[in-house]
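# Tertiary structure, described
Each chain, letter by letter, is given below.
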Amino acid sequence: MSSPSVPPNAGKIMAAVQRALRGLDVGSTEATQILSWANSETPAIYDRDQTAYLVLGSYRDSYLRRVRAVSDRLNRRYGTYAFLIGDLTDIDIPRLPEFRVKFHITATLSDYVAAVFEQDAGGEVNELGKLGETEYFEKAYAFPRAYHWEMEGNFATERDVLAAGAQIMAATDVDEETKAAELEALVDRAEHAGIDITVDDVISKLEDQQIDVPSYSWVHLNDFRLFELHGRCYPWTTVDELLGATDELPGSPRPSWEQQ
């Protein structure tokens, strides 16, 4: 007997489509194409016997390898299905923004979303915005490369404060007045953490020291800080650190024999 063309959670899927399209009317043929696609591509996502992870990140060659590494690491766990949107087939809906439809359907059906960020440009910028401003935020975890903690709870040494200061100074899409105000706030947080340093100290020491930081946009840094405040931000600099952070995600652990 052939599989039905309509998945059992068709209502939930079409509600996600409506969120993706901001209430735009979907034609009957388009709805049929979407539900047929969902029936073929999404059962593994909502299977009750496993945990599903949507893994987001850049699809550019060098970056994609690290996004794949996160997906592969998660798939080593018992009862786990980790995937990229790019792994799924296309939907035959030429009039509609297909990626938005796929993103909202898969984010709705997944148990968790893991997002890897390495740069201040590219498609993942939009994905970060979607995660921060939608109901998917509660299931999402951010993995920003070389992001430096900005909250006092994560300041252990003066070096931590300087790294956060360098990050603020390197931010794009922000004026000097805003950067100055952020440095003031950073110093206040450092003082609460028991680190005695002034804004002038930060500026002068940064002139003497070379601290390599990505030039994330101001939007990036604000969203990373939001994830940090919620305890769901995992900075990394090497692939080993990225994979180690991936192991911290909720869900079934990796097999014990593999961790020995």
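First, a word on scope: everything that follows refers to the structure included in this document. Here, residues in each chain are numbered from 1, in the same order as that chain's written sequence. Where totals are concerned, whole chains, interfaces and linings use all residues; where local detail is concerned, this predicted model gives features only for residues with pLDDT of at least 70, and gives and counts side-chain atom pairs only at 80 or more. Just so you know, side-chain values use all the structure's heavy atoms and leave hydrogens and water out.

### Focus on the overall build of the chain
Note on conventions: DSSP H or I runs of at least 4 residues are helices, E runs of at least 2 residues are strands, and numbering of each starts at the N terminus. When helices and strands are counted, the chain shows 12 helices and 4 strands. Projected onto its principal axes, the C-alpha coordinates of the chain cover approximately 70 × 50 × 30 Å. Two residues form a contact once any of their heavy atoms are found within 4.5 Å. Put simply, 77% of the contacts in the chain that link residues at least 6 apart link residues at least 24 apart. Here the accessible surface of atoms and residues is derived via Shrake-Rupley with a 1.4 Å probe, and residues count as covered only by protein chains that are part of the display. Here the chain has roughly 12,700 Å² of accessible surface; of this, 47% comes from carbon and sulfur atoms.

### As for the pattern of salt bridges
We define a salt bridge as a contact between a side-chain nitrogen of Lys or Arg and a carboxyl oxygen of Asp or Glu at a distance within 4 Å. Applying the stated criterion across every chain yields a total of 14 salt bridges. Note that Arg19 and Glu135 form a salt bridge whose closest N and O atoms lie 2.7 Å from each other. Within this pair, whereas Arg19 is found in helix α1 (residues 10-21), its partner Glu135 is found in the loop between α6 (123-133) and β4 (140-144), the two being separated by 116 residues in sequence. Two residues, Arg225 and Glu150, come together in a salt bridge whose shortest N-O distance is 2.2 Å.

### A few points about the sheet that holds strand β3 (residues 112-117)
Following DSSP output, two strands are said to pair if at least two bridges run between them. Pairing in this open sheet of 4 strands is parallel, and the strands run β2-β1-β3-β4 from one edge to the other. This sheet does not close on itself; its edge strands, each paired only once, are β2 (80-83) and β4. On average, each strand axis in the sheet is inclined to that of its neighbour by 20°, with strand direction left out of account. Direction of pairing for β3 relative to β4: parallel, over a ladder of 5 bridges. What sits directly across from Val116, in β4, is Phe143. The axes used here are C-alpha line fits, helices contributing only the stretch in contact, and every angle between their N-to-C directions lies in the interval 0 to 180 degrees.

### A word on the packing of aromatic side chains
The aromatic pairing rule takes the rings of Phe, Tyr and Trp, using the six-membered ring of Trp, and pairs them if the centres are within 6.5 Å, calling planes under 30 degrees apart stacked, those over 60 edge-to-face and the rest tilted. Summed over the entire model, instances satisfying the criterion amount to 12 aromatic pairs. Between Phe103 and Tyr136 the ring centres are 5.8 Å apart and the planes differ by 80°, which places this aromatic pair in the edge-to-face class. Placement of the pair is Phe103 in helix α5 (residues 98-109) and Tyr136 in the loop between α6 and β4, with a sequence separation of 33 residues. Tyr136 carries the same exposure label as Phe103, and that label is buried. Think of it in three bands: residues with accessible area under 20% of the maximum for their type are buried, residues over 50% are exposed, and the middle band is partly exposed, with areas taken using a 1.4 Å probe on protein chains only.

### A closer look at the packing of α1 against α5
Following both chains from N to C, one finds α1 and α5 inclined at 135°, their axes separated by 8 Å at the closest point. Here α1 is positioned oblique relative to α5, judged by the angle of their axes. Classified by chirality, the crossing of α5 by α1 is right-handed. Residues Lys12, Ile13, Ala16, Val17, Arg19, Ala20 and Leu21 of α1 form the contact with α5, whose own contacting residues are Arg100, Val101, His104, Ile105, Thr108 and Leu109. Polar here means any residue other than Ala, Val, Leu, Ile, Met, Phe, Trp, Tyr, Cys and Pro, which are nonpolar, and Asp, Glu, Lys and Arg, which are charged; Gly is therefore polar. Of the residues contributing to the contact of α1 with α5, the split by class is 8 nonpolar, 2 polar and 3 charged. Note on angle classes: values under 35 degrees are labelled roughly parallel, values over 145 roughly antiparallel, values of 65 to 115 roughly perpendicular, and the remainder oblique. Here a crossing is called left-handed whenever its near helix is offset anticlockwise from the far helix by less than a right angle, and right-handed whenever the offset is clockwise.

### Comments concerning the nonpolar core
Formed by 63 residues in total, the largest nonpolar core has its most connected members in Ile34, Ile105 and Leu131. In this structure Ile105 touches Ile13, Ala16, Val17, Ile34, Trp37 and Thr42, once residues within four positions along its chain are discounted. We call a set of buried residues a nonpolar core when its members are Ala, Val, Leu, Ile, Met, Phe, Trp, Tyr or Cys and they connect through side-chain atoms within 4.5 Å of each other. Counting residues in hydrophobic clusters, the runner-up holds 16 residues, among them Val70, Ala114, Leu242 and Leu249.

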